[in-house]
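Each chain, written out:
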Amino acid sequence: MRIGVLALQGAFAAHCECLSSIGVEPVEIRTPAQLETVDALLMPGGESSTMSQLLESSGLFDAITERLASGMPTFGTCAGMILLASEVLDGRSDQRNFSAIDISVRRNAFGRQVDSFESSISTPIGEFHGVFIRAPRIERVGTAVEVIGSLGDEPVLVRQGNVLAASFHPELTSDARLHEYFVSTMSNTRKV
Amino acid sequence: MNSTSGSSVGTQRVKRGLAEMLKGGVIMDVVNAEQAKIAEDAGACAVMALERVPADIRRDGGVSRMSDPSMIEGIQATVRIPVMAKVRIGHFVEAQIIQQLGVDFIDESEVLTPADEKHHIDKFAFTVPFVCGATNLGEALRRISEGACMIRSKGEAGTGDIVEAVRHLRSILGDIRKITQADQAELFEWAKQLQAPLPLVQEIAETGKLQVPIFCAGGIATPADAALAMQLGAEAVFVGSGIFKSDDPAPRAKAIVEATTHFRDPEVLVRVSRGLGAPMTGINMDEINNTQRFAQRGW
């Protein structure tokens, strides 16, 4: 399985390193032609409003929309989760999102950078060290969405079919278990 | 902070983490909320709030200090992207004030008048991350050893001349490439020559890269300048006077954002370079004498 990492802006380099560390060769995606060469996509953290604009100007917004509709396994972290959400609160009014997972997400809900934090969270692969940077909050989870990771009572890792989304940054630790989880579970599932 | 027990703020990982999020982006200097809005609309990944852009600081002379808190708050209220602000080298009280405002990143900057001729700020003492300028690898490693979470090549701010930024980037990244080829005995000599902590030099020899993200600043005026910095190995760019001192800031800002993302794609670079109007007039580096160079500030 070839995995692409959306490389318009943000923490794409850290995701690529994580994938390399588990023996998966990452492909940086900046154009629709590059997207055609991959089977799955990672959408990194960064600034969702910046990425949203670059998705438009590069033609990737429509290309990714099409691939998501046909079941492409996709993992969005932080800003990537915002882009995948069905509803974005406190975003820019012109910010577009893919509505690929039925959640409502509030941008920067955990506060400014001085409020950014790291904390242990529970996930399907056990305790995981979560790094939250100006993080979004999942305020509503649709009925088709499974909460698979939480920080206390709060959902921070969710899944709907082939779409996985996290409000934290697994790529900022040297622990690649969540990347492995994405690669292994998604390569076994087909369209929902 | 939320109430979850066992969580920690202000760690190096959390501070360096925000620098990771800014990669591949453009951080734009803005002097008021209106410019901040233009920058965010154009796709800036962050804005740097300051009272005068470097070109005006250079023109006006005098002492240049941190911005008025109310001006920074006005910008924070206008945009959703991270807001950065500058403090004078060594002026840790300006940094305390800026941190209290909830600014996302502090730039301990040579563009402002230095407050301390020997000491930079102890950046480990802060929750907010710091970026510092560097002209060479030794300077970069000294700043990292003081707690800087991002390094930007200094270039020469307010000139619109890219030559110094290229010199500094090539110096920092070129020395990193050489260090990866050095043997253990040579690393001692490298640390001595660079006046930098040996463990940091040894770490670079192992990993082949700087401990924190390296961005480019000082002299970027066109989409081609931004792509040049990226192809040389910068991971993002700061644009100061280059946008709001040009004829038509909004399209130029958007073009520089696209050029920074698609820095290896000549087709995109042609498209975004067309019809932008006049860039900032700029000052050729040969016209500036040594005492007027901001890059020499910092130790």
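For the structure, see preceding data.
Residues numbered from 1 in each chain as written. Chains lettered and ligands numbered in written order. Predicted model: local features only at pLDDT ≥ 70, side-chain atom pairs only at ≥ 80, totals over all residues. Heavy atoms only, no water.

Here we look at the overall build of chain B
This is how the line gets drawn: Helix and strand definitions here come from DSSP, where helices need a minimum of 4 consecutive H or I residues and strands a minimum of 2 consecutive E residues; each element is numbered from the N-terminal end. Each radius of gyration reported is based on C-alpha atoms, and the globular scaling rule is 2.2 Å times the count of residues to the power 0.38. The contact criterion used is simple: two residues touch if any of their non-hydrogen atoms lie within 4.5 Å. Areas reported here follow the Shrake-Rupley algorithm with a probe of radius 1.4 Å; residue values treat only the protein chains shown as occluding. We score Asp and Glu as negative and Lys and Arg as positive, and we do not count His or the chain ends. Positions of charges follow a simple convention, taking NZ of Lys, CZ of Arg, CG of Asp or CD of Glu.
Counting its regular elements, chain B contains 13 helices and nine strands. Since a compact globule built from 299 residues should have a radius of gyration of about 19 Å, the 18 Å found for chain B is in line with a globular shape. Each principal axis of the C-alpha distribution contributes one length, and for chain B these read about 55 × 45 × 40 Å. Nonlocal contacts in chain B, meaning residues at least 24 apart in sequence, comprise 66% of its contacts between residues at least 6 apart. Only carbon and sulfur atoms are counted for the fraction: they give 49% of the accessible area of chain B, which is about 11,600 Å². Across chain B, the centroid of the 32 positively charged side chains sits 1 Å from that of the 38 negatively charged ones.

What to know about the pattern of salt bridges
Counted only if it meets this: Salt bridge, as used here: a side-chain nitrogen of Lys or Arg that lies within 4 Å of a carboxyl oxygen of Asp or Glu. Using a 1.4 Å probe on the protein chains alone, a residue whose accessible area is under 20% of its type maximum counts as buried, one over 50% counts as exposed, and one in between counts as partly exposed.
Taken as a whole and judged by the stated rule, the model has 36 salt bridges over all chains. A salt bridge links A:Asp102 to A:Arg140; the nearest nitrogen and oxygen atoms lie 2.8 Å apart. In this pair, A:Asp102 sits in strand E6 (residues 101-106) while A:Arg140 sits in strand E9 (residues 137-141), placing the two residues 38 residues apart along the sequence. Across the pair A:Asp175 and A:Arg177 runs a salt bridge whose closest N-O atoms are separated by 2.8 Å. Classification of A:Asp175 as partly exposed rests on a relative accessible area of 23%. In the salt-bridge network here, residues are joined through shared partners; they are A:Arg92, A:Asp94, B:Lys37, B:Glu40 and B:Asp41.

Description of the pairing of strand E7 (residues 117-123) of chain A
What counts, and what does not: For two strands to be treated as a pair, DSSP must find no fewer than two bridges joining them.
With five of seven residues buried, E7(A) is to be regarded as a mostly interior element. Pairing of E7(A) with strand E8 (residues 126-132) of chain A, which is carried by seven bridges, proceeds in the antiparallel orientation. Pairing of A:Ser120 across the sheet is with A:His129, part of E8(A). Here E7(A) folds back onto E8(A), and the loop between the two strands holds two residues. Two elements, E7(A) and strand E1 (residues 8-9) of chain B, share two bridges in a ladder whose sense is antiparallel. From the neighbouring strand, A:Glu118 faces E1(B), where its bridge partner is B:Ser8.

Overview of the interface of chain A and chain B
The accessible area lost on association of the parts is a frequent measure of interface size. Heads up, the rule is: Summed over both partners, the accessible surface that disappears when two parts come together, traced with a 1.4 Å probe, is what is meant by buried area.
Of the residues lining the interface, 43 residues belong to chain A; the matching set on chain B comes to 47 residues. Both sides of the chain A and chain B interface together cover about 3,400 Å² of buried area, and 53% of this is carbon and sulfur. When residues of chain A are sorted by the area they lose upon contact with chain B, A:Gln113, A:Val114 and A:Glu118 head the list and together hold 18% of the total. The shortest N-O distance in the salt bridge between B:Glu40 and A:Arg92 comes to 3.0 Å.

Focus: the packing of helix H7 (residues 163-179) of chain B against helix H10 (residues 223-232) of chain B
All names here are of chain B. Selection rule: An axis is simply a line fitted to the C-alpha atoms; with a helix, the fit covers only the stretch in contact. Between two such axes, the angle follows the N-to-C directions and lies from 0 to 180 degrees. Roughly parallel here means an angle under 35 degrees, roughly antiparallel means over 145, roughly perpendicular means 65 to 115, and every remaining angle is called oblique.
Direction vectors running N to C along H7 and H10 enclose 10°, while the axes themselves pass 10 Å from each other. Here H7 is positioned roughly parallel relative to H10, judged by the angle of their axes. In contact with Val166, Leu169, Arg170 and Leu173 of H7, H10 contributes Leu228, Ala229 and Leu232.

Quick notes on the nonpolar core
Nonpolar side chains in soluble globular proteins tend to end up buried together. Using the following cut-off: Take the buried residues of types Ala, Val, Leu, Ile, Met, Phe, Trp, Tyr and Cys, join any two whose side-chain atoms come within 4.5 Å, and each joined set is a nonpolar core.
Grouped together as the largest cluster of nonpolar side chains are 111 residues, with contacts concentrated most on A:Ile64, A:Phe98, B:Leu141 and B:Leu210. In terms of residue count, H7(B) provides more of this core than any other element does, seven residues in total. Apart from residues lying up to four places away in sequence, A:Phe98 is in contact with A:Met43, A:Leu55, A:Phe61, A:Ile64, A:Thr65, A:Leu68, A:Leu83, A:Leu84 and A:Ala85. Ranked by size, the runner-up nonpolar core spans 28 residues in total, among them A:Ile3, A:Leu42, A:Leu157 and A:Tyr181.

Considering the sheet that holds E9(A)
In sheet architecture, strand pairing relies on hydrogen bonds along the backbone and comes in two forms, parallel and antiparallel. Residue and element names in this part refer to chain A. The three strands lie next to each other as E5-E6-E9, forming an open sheet whose pairing is mixed. Lying at the two open borders of the sheet, with one neighbouring strand each, are strand E5 (85-89) and E9. The average undirected angle you get between the axes of adjacent strands in this sheet is 30°. Bridge count between E5 and E6: four bridges; the pairing is parallel. The partner of Ala85 across the bridge, within E6, is Ile101.

Some details on the pairing of strand E7 (residues 150-153) of chain B
Residue and element names in this part refer to chain B. This is how the line gets drawn: Seen with the strands pointing away from the viewer, any crossover whose path from the first strand over the helix to the second strand runs clockwise is right-handed.
Residues of E7 alternate between two faces, with Met150 and Arg152 on one and Ile151 and Ser153 on the opposite face, all of them buried. Of the crossover connections in this fold, the one passing from strand E6 (residues 130-134) over helix H6 (residues 137-145) to the parallel E7 is right-handed. Where E7 lies against strand E8 (residues 214-216), three bridges are found, and the strand directions are parallel. Looking at the pairing, Ile151 lines up with Ile214 of E8.

Looking at the packing of aromatic side chains
All names here are of chain A. Operational definition: Working definition: rings of Phe, Tyr and Trp (its six-membered ring) pair if their centres are within 6.5 Å, and the pair is stacked with planes under 30 degrees apart, edge-to-face with planes over 60 apart, and tilted otherwise.
Using the criterion set out here, one finds nine aromatic pairs over all chains in the structure. With a centroid separation of 4.5 Å and an interplanar angle of 15°, the aromatic rings of Phe61 and Phe98 are classed as stacked. Note that Phe61 is positioned in helix H4 (residues 60-69) and Phe98 in the loop between E5 and E6, a separation of 37 residues in sequence. Residues Phe61 and Phe98 agree in their burial class; the two are buried.

Quick word on the environment of B:Leu228
Residues and elements named next belong to chain B. Positionally, Leu228 belongs in helix H10. Take Leu228: its relative accessible area is 36%, and that puts it in the partly exposed class. Sequence separation between Leu228 and His262 is 34 residues, and the spatial gap between their C-alpha atoms is 11 Å. Other than its neighbours up to four places away in sequence, Leu228 contacts Ile162 and Val166.

A look at helix H8 (residues 184-194) of chain B
One full turn of an α-helix is made of 3.6 residues, so residues set three or four places apart face in the same direction. Residues and elements named next belong to chain B. Keep this limit in mind: Think of it as the arc spanned by the lines of direction from the helix axis to the C-beta atoms. Within 3.5 Å is the distance limit for a polar contact, defined as a pair of N or O atoms, with the added protein rule that one can donate a hydrogen and the other accept it, and that residues adjacent in sequence qualify only through two side-chain atoms.
Along H8, the residues classified as buried are Leu187, Trp190, Ala191 and Leu194. All buried residues of H8 project into a common sector of 95° when viewed along the axis, lining one side. Among the exposed residues of H8, those oriented more than 90 degrees off its buried face are Ala185, Lys192 and Gln193. Buried-residue contacts for H8 involve H6, H7 and helix H9 (198-207). Capping the start of H8 is the job of one residue whose side-chain oxygen sits 3.2 Å from the backbone nitrogen of Ala185: Asp183. Phi turns positive, to about 55°, at Gln195, one or two residues after H8.

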